[in-house]
Every structure is written in structure tokens, then in C-alpha cells.
Amino acid sequence: LQGIFVLGLPYALLHSGYSGLLLIVLAAALCCYTGKILIACLYEENEDGQLTRVRDTYEDIANACCKKLSPSLGGVVVNMTQVVELIMTCILYLVVSGNLLSHSFPYVPMTEKTWSVIAFVTLLPCIFIRTLKIVSKLSQLCSLVHFVIIFVVITYCLTQMHQWSWAKFRLSLEFEDFLVSVGVIIFSYTSQIFLPTLEGNMKNPGEFTCMLNWTHFFACILKTTFALTAFLTWGEKTKEVITDNLPSFLETLVNLCLLTKALLSYPLPFFAATEIVYSCISKDNHSNYRSPLLALTVRGSFLLLTLLMAMFTPHFALLMGLSGSVTGAAMTFLLPSLFHLKLKWKKLSLLEKCADISVFILGFLCSLAGIVCSIKGLLEVFG
């Protein structure tokens with residue numbers, strides 16, 4: 001829940017004003033809700049009226065919804081969407097790593113692409129990751145580094161309390177700038193891709209709802225505190241990545257922490273993407289599934305693909321925004337609400353149906369607006 005997007009939240013407040021604070025809370029509530037209904041789609045009542053887990057993955061849910069049309073169509077669409085989003089996330093981490101290394105060592109005569117290659121070399125051991133246990137340990141370290149970054153930024157901001165002013169908040173909004181803020185805030189919460197696996201691996205799945213409530217609650221508190229203190233400190237001078245506002249001695253330290261976070265974050269989406277590919281391969285060729293040669297080939301191909309796209313895709317930020325508007329909104333809002341309506345329609349109350357429909361419409365509008373803005377930006381860049 002505490003990804004790279006968190007560092008853009010103060011910039012989002014710059015463009016959204018007081019409404020940005022409301023959006024941070026609303027996004028937490030909506031993403032928590034869609035997480036719950038997505039997990040609800042994994043369960044069905046048995047003959048005794050007890051809930052039983054009859055599905056294991058996002059793909060299983062999609063196939064259940066589309067079985068009358070095609071037994072595997074829904075799963076194919078969901079898998080493609082997930083793989084695209086995960087690969088784009090991996091590419092973003094490589095791009096960020098190259099950028100951070102370049103800014104941390106400005107006197108070294110190397111381009112950002114060269115730095116990205118160096119970062120890529122440190123990620124080569126990902127080829128040998130075979131279990132989620134290793135990924136979880138790396139993710140724990142990643143979370144620790146992230147809290148260090150947040151602590152450093154908030155501590156510095158608190159030393160500047162004497163210059164805080166609520167007058168820095170904007171009352172008038174520009175529509176396109178506001179949409180940028182919506183995208184940054186919403187996508188800082190997205191985690192639906194990992195929820196079915198997470199819930200399935202919990203020692204007590206019955207505590208999943210409680211866990212989801214508390215994690216989103218604390219994430220909302222932390223994001224609001226971080227964004228508010230940083231924006232009140234720098235106001236109109238707030239930059240897209242808030243660490244760029246820090247004094248030089250702190251900026252270098254935080255950039256190195258961010259680099260560590262980016263490299264530690266890479267294995268999770270990488271592992272998830274390769275696991276999806278493995279599951280697809282296993283349906284067609286059980287004998288080769290998990291063979292060492294196939295595993296190395298798939299992982300190596302994924303690693304190389306992320307490096308090539310990070311180095312040679314022009315205007316990557318705009319393309320990332322375009323793919324994020326399509327895949328992020330779909331996996332977070334559109335599909336969970338649509339699947340819940342499809343599978344649970346007869347058992348849902350009128351209020352629950354209205355909630356699902358409202359989330360779907362909101363997700364569709366956010367996605368459409370993001371796509372339009374991204375395409376507009378691409379057209380302007382390419383002249």
C-alpha cells in the first residue's frame with residue numbers, strides 16, 4: 001500500500017487543494033471495499049449454508065463470470081491485464097533506479113540508461129527466486145526502507161513548522177490538473193492483484209477483512225500526514241517527487257534509500273508475473289512445468305524485456321500513465337465490482353448493488369479521463 005506513488009501525494013495536493021485530502025480518504029475506502037468484494041467472489045455457500053473457498057485466483061473468478069460465453073476467456077483477459085500491469089511496474093522501478101543513481105552521483109560521467117543497466121545487473125539474482133517466502137522477506141525490507149524515507153521527510157517538515165500556512169491550499173481547480181491528482185492518489189492504494197494469493201496464504205483467512213480494514217486505515221493516516229506536512233512546508237514550490245525539495249545533504253541520503261526501495265520492490269511484481277505465465281504454461285504442458293530450464297528461460301526473458309523497455313521506450317512516463325489508466329482502474333475498480341454483481345446478484349441487497357454500480361461508474365470515468373489525458377500528452381509530444 002505504500003508504493004512509489006506516495007512520494008507524489010504532496011504534488012497531488014498542490015493541484016487538488018482541500019479536495020485532495022478528501023480524495024485520500026475516499027480512495028482508501030473504495031480500494032478497501034473492492035478488495036473485500038473481490039475476496040467474496042472466491043467463496044460460495046455449500047449445502048449447509050457455510051461459505052467455502054471454491055476459487056483460488058483472480059483468473060478463476062473471471063472464468064466463473066464468463067463460463068457461458070467462453071470457459072477461459074475471462075481468465076485470459078485478466079491474466080493479460082495483470083501481466084501488463086506487473087511488467088510496467090517492473091519497468092518503472094528500473095527507470096526510477098537509473099534516475100536516482102544519476103542524481104545521486106551527478107559527477108560520474110554516465111547516462112541514466114547506463115545507470116539503469118547497472119541497476120539491472122543487481123537484479124539478476126531474481127532469476128533464481130522460486131518461492132513467495134523469499135519475496136516476502138524482501139518486501140519486509142522494502143517496507144522498512146520506505147518508513148525510513150517517510151520518517152526523514154516528515155521530521156524535516158516538522159522542523160519547518162514555523163512557516164506553515166493553510167493559505168497555501170488552492171480553492172480553484174483546473175480539471176486536467178485535478179485528474180492528475182486523482183490518478184496519483186488512487187493508484188497509491190492499488191493492491192488487488194495480490195489479494196487472492198495473500199488471503200489464501202493466511203493462517204486464519206477469517207481475519208482478512210479485519211486486516212484489510214486496519215491496513216487501509218493506517219495507510220490513509222500515514223498518507224494524509226505525509227502529504228499534508230510536506231505540502232504545508234513547500235507550498236507552491238512542491239515538486240513532482242517530494243524528495244527533490246529536500247536540502248542537498250538529505251536529498252542524497254533519501255535518494256539512496258529510494259534506490260534501495262525500488263530494487264527491493266522489483267521482485268514482487270516480477271515473481272507475480274512469472275507465476276501467472278507458469279500457470280498458463282502448466283495447462284498446456286504439464287511435463288515441462290517447473291522444469292529448471294523453462295523457469296530460467298521465462299525469468300530471464302522477463303528480466304531482459306523490462307530492461308529493453310526501460311532503455312528504449314520513448315516518453316515512458318506517458319505510456320505508463322496510459323497503461324495505468326487502463327489496467328490499474330480495471331483491476332482495482334471495474335472488474336471487482338463487475339464480478340461481484342455477476343456472481344452474487346441474487347444475494348446482494350439493493351444498497352450493495354448500488355454501491356457496486358457506483359464504484360464501476362466511478363472507475364470507468366477515472367479510467368476514461370486518464371486515457372484521454374495520456375493520449376493527449378502523447379500527441380503533443382509526438383507533434
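The model shown is predicted, which means the values in this text are computed figures rather than measured ones.

**Observations concerning the confidence of the model for the protein chain**
For the protein chain, per-residue confidence averages 83 on the pLDDT scale, and residues scoring 70 or more make up 89% of the total. When pLDDT is averaged over each helix and strand of the protein chain, the minimum, 72, is found for helix H7 (residues 175-187) and the maximum, 92, for helix H9 (residues 208-234).

**Quick notes on the pattern of salt bridges**
Counted under the stated rule, the structure contains five salt bridges. In this structure, Asp 56 and Arg 53 form a salt bridge, with 3.0 Å as the shortest nitrogen-oxygen distance. On the basis of relative accessible area, Asp 56 is assigned to the partly exposed category, the value being 47%. Residue Arg 53 pairs with Glu 199 through a salt bridge whose shortest N-O separation is 2.8 Å. Here Arg 53 is found in strand E2 (residues 51-53), whereas its partner Glu 199 is found in helix H8 (residues 195-200), with 146 residues between them in sequence. Here the residues in one salt-bridge network are Glu 44, Arg 55 and Lys 344, joined through shared partners.

**Side note on helix H3 (residues 58-65)**
Since the α-helix advances by 3.6 residues per turn, residues separated by three or four positions end up pointing in the same direction. Burial analysis of H3 places seven of its eight residues in the buried class, the great majority of the element. By the burial criterion, the buried members of H3 are Tyr 58, Glu 59, Ile 61, Ala 62, Asn 63, Ala 64 and Cys 65.

**A short note on the packing of aromatic side chains**
Considering all chains together, one arrives at seven aromatic pairs under this definition. Both rings, one in Phe 217 and one in Phe 218, keep their centres 5.4 Å apart while their planes meet at 70°; by these two values the pair is edge-to-face. Of the residues examined, Phe 217 reaches a relative accessible area of 43% and is grouped as partly exposed. Between Tyr 266 and Phe 270, the ring centres sit 5.7 Å apart and the planes meet at 25°, which makes this aromatic pair stacked. The pair formed by Tyr 266 and Phe 270 is uniform in burial state, with each residue classed as buried. Among the aromatic residues, ring-to-ring pairing joins Trp 214, Phe 217 and Phe 218 into one connected group. Lying over the aromatic face of Trp 345, Lys 353 brings its terminal NZ or CZ to 4.0 Å of the ring centre.

**Some points on a positive patch on the surface**
Taken together, the side chains of Lys 67, Lys 68, Lys 342 and Lys 346 make up a positively charged region of the molecular surface. For Lys 68, the location among the structural elements is in the loop between H3 and helix H4 (73-104). Using a relative accessible area of 79% as the deciding quantity, one classes Lys 68 as exposed.

**Some words on the packing of H4 against helix H12 (residues 292-312)**
As a packed pair, H4 and H12 sit with axes 9 Å apart at the nearest point and diverge in direction by 60°. As summarised for this structure, H4 and H12 are arranged oblique, according to the angle between their axes. Here H4 runs over H12; the crossing is right-handed. Contacts between H4 and H12 involve Val 83, Ile 87, Met 88, Cys 90, Ile 91, Leu 94 and Val 95 from the former and Phe 302, Leu 305, Thr 306, Leu 307, Met 309 and Ala 310 from the latter. Residues that form the contact of H4 with H12 fall into these classes: twelve nonpolar, one polar and no charged.

**Concerning the side chain of Glu 199**
A relative accessible area of 1% means that Glu 199 is categorised as buried. Side chain to side chain, Glu 199 and Arg 53 meet in a polar contact 2.8 Å long.

**Some words on a nonpolar patch on the surface**
A surface patch of nonpolar side chains, amounting to about 540 Å² of accessible area, comprises Ile 357, Ile 361, Phe 364, Leu 365, Leu 368 and Val 372. Considering the arrangement of structural elements, one finds Phe 364 in helix H14 (residues 350-381).

**Things to note about the side chain of Thr 233**
Mapping Thr 233 onto the fold places it in helix H9. Relative accessible area serves as the criterion here: at 4%, Thr 233 is assigned to the buried category. Among the polar contacts made by the side chain of Thr 233, one reaches the side chain of Trp 164 at a distance of 3.1 Å. Those residues in contact with Thr 233 that lie beyond four places of it in its chain are Cys 157, Gln 160, Gln 163, Trp 164 and Lys 168.

**Notes on the packing of helix H6 (residues 132-158) against helix H10 (residues 248-265)**
One can describe the packing of H6 onto H10 by two numbers: an axis separation of 9 Å at closest approach and a directional angle of 155°. Between H6 and H10, the interaxial angle falls into the category roughly antiparallel. In this structure, H6 crosses over H10, and the sense of that crossing is left-handed. Across the interface between the two elements, Leu 138, Leu 141, Cys 142, Val 145, His 146, Val 148, Ile 149, Val 152 and Tyr 156 of H6 pack against Leu 250, Val 254, Cys 257, Leu 258, Thr 260, Lys 261, Leu 264 and Ser 265 of H10. Taken together, the residues of the contact of H6 with H10 sort by class into 13 nonpolar, three polar and one charged.

Here is what the cut-offs are and how they apply
Residues numbered from 1 in each chain as written. Predicted model: local features only at pLDDT ≥ 70, side-chain atom pairs only at ≥ 80, totals over all residues. Heavy atoms only, no water. pLDDT = per-residue confidence, 0-100. Helix = DSSP H or I, 4+ residues; strand = E, 2+ residues; numbered from the N terminus. Salt bridge = Lys/Arg side-chain N within 4 Å of Asp/Glu carboxyl O. Buried < 20%, exposed > 50% of the residue type's maximum accessible area, 1.4 Å probe, protein only. Phe/Tyr/Trp six-rings, centres within 6.5 Å; stacked < 30°, edge-to-face > 60°. Lys NZ or Arg CZ within 6 Å of the ring centre and 35° of its normal. Patch = residues over 30% accessible without salt bridge, like charges linked within 9 Å, V, L, I, M, F, W, Y side chains within 5 Å. Areas by Shrake-Rupley, 256 points an atom, 1.4 Å probe, with all protein chains shown as cover. Lys, Arg positive; Asp, Glu negative; His and termini not counted. Charge placed at Lys NZ, Arg CZ, Asp CG, Glu CD. Axes fitted to C-alpha atoms, helices over the stretch in contact; angles between N-to-C directions. Parallel < 35°, antiparallel > 145°, perpendicular 65-115°, else oblique. Left-handed = near helix turned anticlockwise from the far one by under 90°. Contact = heavy atoms within 4.5 Å. Nonpolar A, V, L, I, M, F, W, Y, C, P; charged D, E, K, R; others polar. Polar contact = N/O pair within 3.5 Å; in protein donor to acceptor, adjacent residues only side chain to side chain.

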